[in-house]
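Residues per chain are reported as follows:
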Amino acid sequence: ASYLADLAKSLAQEHKSIQTTVLRKKELEKEKAGLILAVNRGASLEPALILMHYKGDPKSQDLTAVIGKGITYDTGGLNLKPTGSMETMKCDMAGAAAVMGFMQACATLKIKKNVIGVIASAENAIGKNSYKPGDVYISHSGKSVEISNTDAEGRLVLADAFSYVQKHHSPSRMVDLATLTGGVIIALGDEASGLFSNDKKLCDQIKKAADITGETIVTGK
């Protein structure tokens, strides 16, 4: 999380159009981001909620939030991943990396849109304080969440990130990028991404962009 935060800060130094804010453990406790904090309980390093602001159209109130899962390493927690499934889990922050690249592209191309890039970063490790199946935590939104599997950590950190952005920035739309579930690989293989949306217009726009750039996306109905 610290490394991702440093990268986000360096991006802001490189591009004056980007402003970066980092919420660490103390700020997340103040915000009552109980799910990000729960996932990170077993880790030796602090979690972080990283926000990168880009205003390409200051006169407009339209704002797109792009939120990335930044699990820096995913052991699976107490629901430990087996050998063969854990070795690549340093890549569980691929969504966060995509958000970082997206923000750099916006600044480099001087896109005339307002964007906030958000990274929810934590390490799903094992330790004496690890969160456990059966635990109940209060999310940033105030909803209680029962943990049934500690290896479902991605949706937890993303939920708090969504809630925080909604409360403090009121975006017009939100898009999350995540290595969220192996079920997509089982369904679509290694070459395609799954796209699920409650906004058909936005879904069609993303699918069109994917077709233009040669990305394979399969939409959920």
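Refer to the structure printed above.
Throughout this description, residue numbers start from 1 for each chain and increase along the sequence as written. Only residues with pLDDT of 70 or above have their local features reported here, since the model is predicted, and side-chain atom pairs are shown and tallied only from 80 upward, although totals for entire chains, interfaces and linings are computed over all residues. By convention in this description, side-chain values take in all heavy atoms of the structure and omit both hydrogens and water.

*Asks:* A description of helix 4 (residues 94-109) should follow, citing residues and the corresponding values.
*Replies:* Helix and strand labels come from DSSP, where a helix needs a run of H or I of at least four residues and a strand needs a run of E of at least two; each type is numbered from the N terminus. Expected span of a helix: the number of residues minus one, times 1.5 Å. When the terminal C-alpha atoms of helix 4 are compared, their 22 Å separation across 16 residues agrees well with the 22 Å that a helix rising 1.5 Å per residue should span. Inspection of helix 4 places Gly-95, Ala-96, Val-99, Met-100, Met-103, Cys-106 and Ala-107 among the buried residues, and these make up the whole buried set. Projected down its long axis, helix 4 carries its buried residues within an arc of 145 degrees, all on one side. Here, residues are in contact when the closest pair of their heavy atoms is within 4.5 Å. Packing partners of the buried residues in helix 4 comprise helix 1 (2-14), strand 1 (18-23), strand 2 (48-55), strand 3 (64-74), strand 4 (114-124) and strand 7 (173-177). Three labels apply to residues, based on accessible area from a 1.4 Å probe with only protein chains included: buried if under 20% of the type maximum, exposed if over 50%, partly exposed otherwise in between. In this description, one arc is meant: the one made by directions from the helix axis to the C-beta atoms.

*Asks:* Now, about the pairing of strand 3: what can you tell me, with residues and values included?
*Replies:* Buried residues dominate strand 3, accounting for nine of its eleven residues. Clockwise travel from the first strand over the helix to the second, with the strands pointing away from the viewer, marks a crossover as right-handed. Viewed along the sheet, the connection from strand 3 through helix 4 into strand 4 turns out right-handed. If DSSP finds at least two bridges between two strands, the strands pair. Sheet analysis places strand 3 next to strand 7, joined by five bridges and oriented parallel. From the neighbouring strand, Thr-64 faces strand 7, where its bridge partner is Arg-173.

*Asks:* Which residues make up unusual backbone geometry, and what values do they have?
*Replies:* Positive phi outside glycine occurs at Lys-110, with the angle close to 55 degrees. Locating Lys-110 in the fold gives a position in the loop between helix 4 and strand 4. Taking relative accessible area as the criterion, Lys-110 reaches 64% and is therefore assigned exposed. Look at Ser-170: it is not a glycine, yet its phi comes out positive at around 45 degrees. Secondary-structure assignment places Ser-170 in the loop between helix 5 (153-169) and strand 7.

*Asks:* Could you give an account of the environment of Met-52, naming the residues involved and the relevant values?
*Replies:* Of note, Met-52 is situated in strand 2. Separated by 167 residues in the primary sequence, Met-52 and Thr-219 have C-alpha atoms spaced 28 Å apart. Residues in contact with Met-52, not counting those within four places in the same chain, are Ala-8, Leu-11, Ile-18, Gln-19, Thr-20, Val-99, Met-100, Met-103, Val-115, Ile-116, Gly-117 and Ile-119.

*Asks:* Go over the sheet that holds strand 3 with me, naming the residues and quoting the values.
*Replies:* Spatially, the five strands line up as an open sheet ordered 1-2-4-3-7, and their pairing is mixed. Looking at strand neighbours, the two that pair on one side only are strand 1 and strand 7, the edges of this open sheet. For this sheet, the mean inter-axis angle between neighbouring strands, taken without regard to orientation, is 20 degrees. With six bridges connecting them, strand 1 and strand 2 associate as antiparallel partners. What sits directly across from Val-22, in strand 2, is Ile-50. Whenever a helix is involved, its axis is fitted only over the stretch in contact; in every case the axis is a line through C-alpha atoms, and angles between N-to-C directions fall within 0 to 180 degrees.

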